[in-house]
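Below, each chain spelled out in residue letters.
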Amino acid sequence: LKNKHVKIAFFGSDEIALPCLQAMSTSFDNIEISAVLTQPDRRSGRGRTLQSNPIKQWAIESLIPVRDPHKPGIEEVTWLNGLGVDLILVMAYGHILKQALLDAAPLGCFNLHASLLPKYRGASPIETSIAMGEDTTGVTLMQVIPQMDAGPIIDSESIYITSEDTGISTRGKIAKACIPLMNRSLPTLISRNFQKVEQVEKDATYCRKLTKGDGRIDFSLTADELVCRSRAFTGWPGSYFLDGETILRVGRMEKDLRDLNLKPGQRYEEVVDSLIVGTGSGAISISELQKPGGKMLPVSDFLRGYSLPSKISFSLESHEGFSITFSLKPRLRK
């Protein structure tokens, strides 16, 4: 297949894959992105209008055949066979693929996963790596098997997570890291001249899909943990705490380096330009707050028109298991 024009089908729904897709479509003379399988349109925005995801939009603009089933099945296998697809590449698609789909391309099916496997298999590897305090992550190219992110590793590309990186900036770094990874790996996949390294199962960790509730601040955690989570959740689900039933969203958050000996949730009221709150170890300094329907404001401006209690409540009785934001082992189905 060295000189053959190779047809690639891409399965994915998230814009994190766009830089890699665009690079592959222009960097190789002997490949063609000939099919895209993606998620259906979703209702979004204030008007709740149906909107296509960025991958589908790119495929339509690029005149590439695209399908968006709620659950891919035998019809998609027939479709791929009819197009003569040689190889399947997956990134952030959102489905565990059945064997019939994996077998639809003679050169195989491969996945770009946004962590250094076997760490952080699952749905939120980027946010989880930041929230867990990692200083390195990356993207792994693996062969797909009918088990979540468990296939043999082909290659990987590492990136650094700085103390300033957020979920948004780290996603951008990983998106760019896919390009050199595929530049060197795609020719080996096409020629079948690649090495496979099996994952060490005992080293595997897992992360689940994030929920809106994950953004609620648990002041019983340490200051370091809360700052990492705040950086991880920038964009969505964000960070917030409750004043009664009012949700107050938090903008920038840092660790306060003074030894203030505050209890979890207790405010340090001798400053006006930031909100300093005790945690399970140390204190955090919040410099921006937003109330429902309002704008994100500097704390000094926010507190001129809003009165906070001396201790912030963070009862988690209605959030069973909330303090364990990330499951490092998969839940067993009963």
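Placed above this text is the structure.
This section reports on the structure supplied with the text. All values derive from a computational prediction rather than experimental measurement.

1. Regarding the pairing of strand S2 (residues 31–37)
Part 1: With 6 of its 7 residues buried, S2 lies for the most part within the structure.
Part 2: Handedness of the strand S1 (residues 6–12)-helix H1 (residues 18–27)-S2 crossover: right-handed.
Part 3: One ladder, built from 2 bridges, connects S2 with strand S5 (residues 66–67); its direction is parallel. Among the inter-strand pairings, Val 36 is bridged to a residue of S5, identified as Val 66.

2. Topic: the sheet that holds S2
Part 1: Spatially, 7 strands are ordered S5-S2-S1-S6-S7-S9-S10 in an open sheet, and the strand pairing comes out mixed. Edge positions in the open sheet fall to S5 and strand S10 (153–160), since each of these has one partner strand only.
Part 2: Sheet topology note: the strand S7 (residues 109–113)/strand S9 (residues 136–143) ladder contains 4 bridges and is antiparallel. Bridging across to S9, Phe 110 finds its partner in Gln 143.
Part 3: Along the sheet, H1 makes contact with S1, S2, strand S6 (87–91) and S7, crossing S2 at roughly 145°.
Part 4: Here helix H6 (residues 167–191) sits on the sheet in contact with S1, S2, S6, S7, S9 and S10, set at roughly 150° to S10.

3. Focus: the side chain of Thr 38
Part 1: Along the chain, Thr 38 turns up in the loop between S2 and strand S3 (42–44).
Part 2: Overall, Thr 38 belongs to the buried group, its relative accessible area being 0%.
Part 3: Of note is the side chain of Thr 38, whose polar atom sits 2.7 Å from the backbone oxygen of Gly 12.
Part 4: Within polar-contact distance, the side chain of Thr 38 engages the side chain of Ser 13 at 3.3 Å.
Part 5: Those residues in contact with Thr 38 that sit more than four places away from it in its chain are Gly 12, Ser 13, Asn 53, Ile 55, Lys 56, Val 66, Arg 67, Asp 68, Pro 69 and Tyr 93.

4. A few points about the side chain of Ser 230
Part 1: With respect to the helices and strands, the residue Ser 230 is situated in helix H7 (residues 223–232).
Part 2: Residues in contact with Ser 230, not counting those within four places in the same chain, are Ser 239, Gly 251 and Met 253.

5. As for the pattern of salt bridges
Part 1: Applying the stated criterion across every chain, the model contains 17 salt bridges.
Part 2: Note that Asp 14 is salt-bridged to Arg 171, the shortest N-O span being 2.4 Å. Placement of the pair is Asp 14 in the loop between S1 and H1 and Arg 171 in helix H6, with a sequence separation of 157 residues.
Part 3: With relative accessibility at 24%, the residue Asp 14 sits in the partly exposed group.
Part 4: One salt bridge connects Asp 256 with Arg 258, and the closest N-O pair in it is separated by 3.0 Å.

6. Quick word on the packing of aromatic side chains
Part 1: Applying the stated criterion across every chain, the model contains 4 aromatic pairs.
Part 2: Arranged with centres 5.7 Å apart and planes meeting at 55°, the rings of Phe 11 and Tyr 93 form a pair that is tilted. Here Phe 11, found in strand S1, pairs with Tyr 93, found in the loop between S6 and helix H4 (99–102); they are 82 residues apart in sequence, far enough to count as distant.
Part 3: Of the residues examined, Phe 11 reaches a relative accessible area of 0% and is grouped as buried.
Part 4: Owing to a relative accessible area of 3%, Tyr 93 belongs among the buried residues under this scheme.
Part 5: Taken together, a centroid distance of 5.6 Å and an interplanar angle of 90° make the contact between Phe 110 and Phe 194 edge-to-face. Here Phe 110 is found in strand S7, whereas its partner Phe 194 is found in the loop between H6 and strand S11 (206–207), with 84 residues between them in sequence.

7. Some thoughts on the state of the cysteines
Part 1: As enumerated under the stated definition, the model contains 0 disulfides in all.
Part 2: Unpaired in terms of disulfides, Cys 109 finds its nearest cysteine sulfur in Cys 20, a separation of 14 Å.
Part 3: For Cys 109, a relative accessible area of 3% corresponds to the buried category.
Part 4: Its sulfur unpaired, Cys 178 is 5.2 Å from the next cysteine sulfur, which belongs to Cys 20.

About the cut-offs
Residues numbered from 1 in each chain as written. Predicted model: local features only at pLDDT ≥ 70, side-chain atom pairs only at ≥ 80, totals over all residues. Heavy atoms only, no water. Buried < 20%, exposed > 50% of the residue type's maximum accessible area, 1.4 Å probe, protein only. Helix = DSSP H or I, 4+ residues; strand = E, 2+ residues; numbered from the N terminus. Right-handed = clockwise from strand over helix to strand, strands pointing away. Pairing = 2+ DSSP bridges. Contact = heavy atoms within 4.5 Å. Axes fitted to C-alpha atoms, helices over the stretch in contact; angles between N-to-C directions. Polar contact = N/O pair within 3.5 Å; in protein donor to acceptor, adjacent residues only side chain to side chain. Salt bridge = Lys/Arg side-chain N within 4 Å of Asp/Glu carboxyl O. Phe/Tyr/Trp six-rings, centres within 6.5 Å; stacked < 30°, edge-to-face > 60°. Disulfide = S-S within 2.5 Å.

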